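Listed below are the residues making up each chain.
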Amino acid sequence: MSLDKSIFGILPDGTEVESYILKNTGGMTAQIITYGCRIVKLLVPDKRGNFGDVVLGHDKLEDYLAQGDVFGAVVGRFANRIGGAEFTIDGKRYALTANNGRNSLHSAPGGIQDRVWRLKCSNHDDDAPSATFSYCSKDGECGFPGNLDITVTYSLSTDNALIIEYTAKTDHETPVNLTNHSYFNISGNAKKDILSQELQINADYITAVGPDLIPTGELLPVTGTAYDFNKPKTIGQDIRANDSLLKSFGGYDHNFVLKGGDGMKKAGELYDQVSERVMSVFTDMPGIQVYTANGITVDTGKGGIKYRSHHAICLETQFFPDSMHHENFPYQNLKPGEKYEHTTIYKFTVR
């Protein structure tokens, strides 16, 4: 079988959280749990054929229940930040919880990352298995209008790609912005930081933000700045550059405006010189949030590892932060009769 089911843990209210393991013929393995539709393990080979786990997380369910924990989760309804923790539709104001200063971050608490999903269907193909999970976010949940039916499909391809496909439908106009919040360390050794890994991002602009990381609406050219990753460079090369936001937040937490238009395109590439693993990211979304795990302090990482700043990088493909408040951003709320769809691919190779 290329899809194995077990019980990962039990929530305080008695709800069982299921675990599903997908494995392709090459040995690439992904473990998904129904709490937050999370990727808790992703095993891929290095140059010598040794498999390593390239995502951070926990061994026990209770550790995923900590407030603000988004390791490996599908986050939303609206990933990233919403300025003022509010928005307006047809003149009606909707208030969210302000959990990031005066703003909303990942629609928490109680977002889809904190909910139990269910397995909708699966493909037990021995070459390229897949599993589709679903969750219905009820009208009013976290302050959002409309009943939102969400599906997320995880697939492993024969050439060692993890494919994530998102869909959503609503019965009332509502903001939607879904992404996966995996923390990647493609060295396979989460005891090490990622500052020596090389990153390349196909973006000429970032969305300018204020000190609270809410966009101003301006797009800033990256040329000549610490945010220029058009040519590969180590993540640590400019992370301590003389830039007020980098200094304030201890690293990158910025949305990059991807080149390539509306269709599927290569967003960027991550390379680890020791394992010689390469992770290429493809998406049909307009932006990618680059977050270098600034300031994290986790003592309950997998295998007893303590996670610290810069031990991982998140490459979150999505609409721009706070999009509903900026008419110049490529975004529209989801409306009844429409279908939200996007795909992101994390493909693993070696050099």
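Not measured: the values here are computed from a predicted model.

Asks: Account for the overall build of the protein, with residues named and values stated.
Replies: Within the protein one finds two helices and 25 strands. For the protein, the C-alpha atoms occupy an extent of roughly 55 × 50 × 40 Å along the three principal directions. For the protein, buried positions account for 59% of its 351 residues. In the protein, 65% of the contacts between residues at least 6 apart in sequence involve partners at least 24 apart. When the accessible surface of the protein is totalled, it reaches about 14,000 Å², and 47% of it is carbon and sulfur. Here the protein holds 34 positive side-chain charges and 43 negative ones, and the gap between their average locations is 3 Å.

Asks: So what's going on with the sheet that holds strand β17 (residues 203-209)? Which residues, and what values?
Replies: Sheet strands associate in pairs through backbone hydrogen bonding, adopting either a parallel or an antiparallel arrangement. Pairing is antiparallel in the open sheet, where five strands are placed in the order β18-β17-β20-β23-β24. Two strands close off the open sheet at either side, each with one partner strand: β18 (215-221) and β24 (314-318). On average, adjacent strands in this sheet sit at an angle of 30 degrees to one another, irrespective of strand direction. Bridge count for β17 against β18 is four bridges, and the pairing is antiparallel.

Asks: Which residues make up the pairing of strand β9 (residues 92-95), and what values go with them?
Replies: Across four bridges, strand β8 (residues 86-89) lies against β9 in antiparallel orientation. Counterpart to Glu86 in the pairing with β9 is Ala95. The antiparallel hairpin formed by β8 and β9 contains two residues in its connecting segment, where Asp90 sits at a positive phi of about 50 degrees.

Asks: Could you give an account of the nonpolar core, naming the residues involved and the relevant values?
Replies: With 74 residues, the main nonpolar core has Leu42, Tyr154, Ile201 and Phe348 as its most contacted residues. Per-element accounting of this core gives the leading share, five residues, to strand β13 (residues 148-156). Among the nonpolar cores identified, the runner-up in size contains 24 residues, and Leu11, Tyr183, Tyr291 and Cys314 belong to it.

Asks: Give a description of the packing of aromatic side chains that names residues and reports values.
Replies: As enumerated under the stated definition, the model contains 17 aromatic pairs in all. Ring geometry for Phe78 and Tyr331: centres 5.9 Å apart, planes at 85 degrees, overall edge-to-face. With Phe78 in the loop between β6 (74-75) and β7 (81-82) and Tyr331 in the loop between β24 and β25 (340-350), this residue pair connects regions lying 253 residues apart in the sequence. For Phe78, a relative accessible area of 0% gives the class buried. The exposure class of Tyr331 is buried, given its relative accessible area of 13%. Members of the aromatic cluster, connected to one another through ring pairs, are Phe71, Tyr183, Tyr291 and Tyr307. Geometry around Phe229 places Lys233 over its ring, the cationic atom sitting 4.4 Å from the centre.

Asks: Go over the side chain of His58, please, and point to the residues and values.
Replies: If you trace the backbone, His58 turns up in the loop between β5 (51-53) and α1 (61-64). Of note is the side chain of His58, whose polar atom sits 2.6 Å from the side chain of Asp69. Among the polar contacts made by the side chain of His58, one reaches the main-chain carbonyl oxygen of Thr300 at a distance of 2.8 Å. Residues contacting His58, with those up to four places away along its chain left out, are Phe8, Asp63, Tyr64, Asp69, Phe71, Val298, Thr300, Gly301 and Lys302.

Asks: Give me the lowdown on the environment of Gly217, citing residues and values where you can.
Replies: Position of Gly217 among the secondary structure elements: in strand β18. Look at Gly217 and you get buried, because its relative accessible area is 16%. Between the alpha carbons of Gly217 and Pro321 there is a distance of 10.0 Å; along the sequence they are 104 residues apart. Ignoring anything within four residues of it in the chain, the contact list for Gly217 reads Ala208, His326, Asn328 and Phe329.

Asks: Any details on the pairing of strand β3 (residues 29-33)? Residues and values, ideally.
Replies: In regular strands, side chains alternate between the two faces of the sheet. Most of β3 sits inside the fold, with five of its five residues counted as buried. Across the two faces of β3 the burial is the same, with Thr29, Gln31 and Ile33 and Ala30 and Ile32 all buried. Summarising the sheet, strand β2 (residues 16-23) and β3 pair through five bridges and their orientation is antiparallel. Bridge pairing in β3 links Leu22 to Ala30.

Asks: Outline the sheet that holds strand β12 (residues 130-137), listing residues and values.
Replies: Sheet architecture is open: nine strands sit in the order β11-β12-β13-β14-β25-β22-β21-β16-β19, paired in antiparallel fashion. The open sheet has two edge strands with one neighbour each: β11 (118-123) and β19 (233-234). Of the pairings in the sheet, the one linking strand β21 (residues 265-271) to strand β22 (residues 277-283) comprises six bridges and is antiparallel in character. Across the sheet, Lys265 pairs through a bridge with Thr283, a residue of β22.

The rules behind these values
- Residues numbered from 1 in each chain as written.
- Predicted model: local features only at pLDDT ≥ 70, side-chain atom pairs only at ≥ 80, totals over all residues.
- Heavy atoms only, no water.
- Helix = DSSP H or I, 4+ residues; strand = E, 2+ residues; numbered from the N terminus.
- Buried < 20%, exposed > 50% of the residue type's maximum accessible area, 1.4 Å probe, protein only.
- Contact = heavy atoms within 4.5 Å.
- Areas by Shrake-Rupley, 256 points an atom, 1.4 Å probe, with all protein chains shown as cover.
- Lys, Arg positive; Asp, Glu negative; His and termini not counted.
- Charge placed at Lys NZ, Arg CZ, Asp CG, Glu CD.
- Pairing = 2+ DSSP bridges.
- Axes fitted to C-alpha atoms, helices over the stretch in contact; angles between N-to-C directions.
- Core = buried A, V, L, I, M, F, W, Y, C linked by side-chain atoms within 4.5 Å.
- Phe/Tyr/Trp six-rings, centres within 6.5 Å; stacked < 30°, edge-to-face > 60°.
- Lys NZ or Arg CZ within 6 Å of the ring centre and 35° of its normal.
- Polar contact = N/O pair within 3.5 Å; in protein donor to acceptor, adjacent residues only side chain to side chain.

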